[in-house]
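For reference, the chains in residue letters:
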Amino acid sequence: MSATPTAWPELAGTRLEPCPGDALVVVDVQRDFLPGGALGVPEGDRVVAPLNRCSALFEQLHLPIVLTRDWHPADHCSFYAQGGPWPPHCVADSAGAGFAPGLVVADDAHIVSKATRSDADAYSGFQHTGLADWLRDRGCRRLFIGGLATDYCVLATVRDARNQGFDVVALRDAMRAVDVQPGDGERAQGAMVAAGAVLASVDEVAGASA
Ligand SMILES: [Zn+2]
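In this text, all values refer to a predicted model and were calculated from it rather than measured experimentally.

With that settled, consider the overall build of the chain. Looking only at helices and strands, the chain features five helices and six strands. Along the chain, helices (α) and strands (β) appear in the sequence β-α-β-β-α-β-α-β-α-β-α when read from the amino end. A globule of 210 residues ought to have a C-alpha radius of gyration of about 17 Å, and the chain, at 16 Å, matches this closely. By its C-alpha atoms, the chain is 50 × 40 × 30 Å across when sized along the principal axes. Counting across all 210 residues of the chain, residues that qualify as buried make up 45%. Counting contacts in the chain only where the partners sit at least 6 residues apart, residues at least 24 apart contribute 76% of the total.

Laid out in structure tokens, this is it:
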């Protein structure tokens, strides 16, 4: 995946309006990733409104909506106590693992729990979840992706989506970064484009429905 934006001239004419073959993928918009949460992402709560706007549009169009969630056992390998890089977060069935207050979860949304075993982490919603097959079974070819956090699980999900052959529209204003190092979020969005994703604002995607 060495393609640069200039290698994709046809994208200039890409229609961003959702249509059959599209799905929305909302990555890890969970309480523990909101400001004040166990692993709070700065401004993480700001993704809720734009993602709800996208959800409403996809629901109206009867297009698939997927919500991924970190769903860890209490002794997960990514936690400090096990030598991992993160404080405990998103323990399965805990309040912190719940979806963010105000996030609309459509009745028929497909919920993907990831990193559910102690011995493996999963930043991407595609890792050991069967998500690619689920999407292909429904005729999905293009994914609109946003959520938390830009520089970890959103980036990993975008990359795996591209590796699985899906077109990707990365919702630039419906994601927020951890920014362990300043600029990580911007670099992650650059990496998404380098992987062949199109960056677009929610206005560009859902503007007609505003
Ligand atoms: Zn995690």
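The omega torsion of the bond from L148 to A149 falls at -15°, within 30 degrees of zero and hence cis. Mapped onto the secondary structure, A149 falls in the loop between β4 (142-148) and α3 (150-163). For D28, which is not glycine, the phi dihedral falls at a positive 50°. With respect to the helices and strands, the residue D28 is situated in the loop between β1 (22-27) and α1 (48-60). The buried category is assigned to D28, around which 31 C-beta atoms lie within 10 Å. One non-glycine residue, H128, lies in positive phi territory at about 60°. Relative to the assigned elements, H128 resides in the loop between β3 (110-114) and α2 (131-137).

Definitions and cut-offs
Residues numbered from 1 in each chain as written. Predicted model: local features only at pLDDT ≥ 70, side-chain atom pairs only at ≥ 80, totals over all residues. Helix = DSSP H or I, 4+ residues; strand = E, 2+ residues; numbered from the N terminus. Rg over C-alpha atoms; globule rule 2.2 N^0.38 Å. Buried ≥ 20, exposed ≤ 12 C-beta atoms within 10 Å, placed from the backbone. Contact = placed C-beta atoms within 7 Å.

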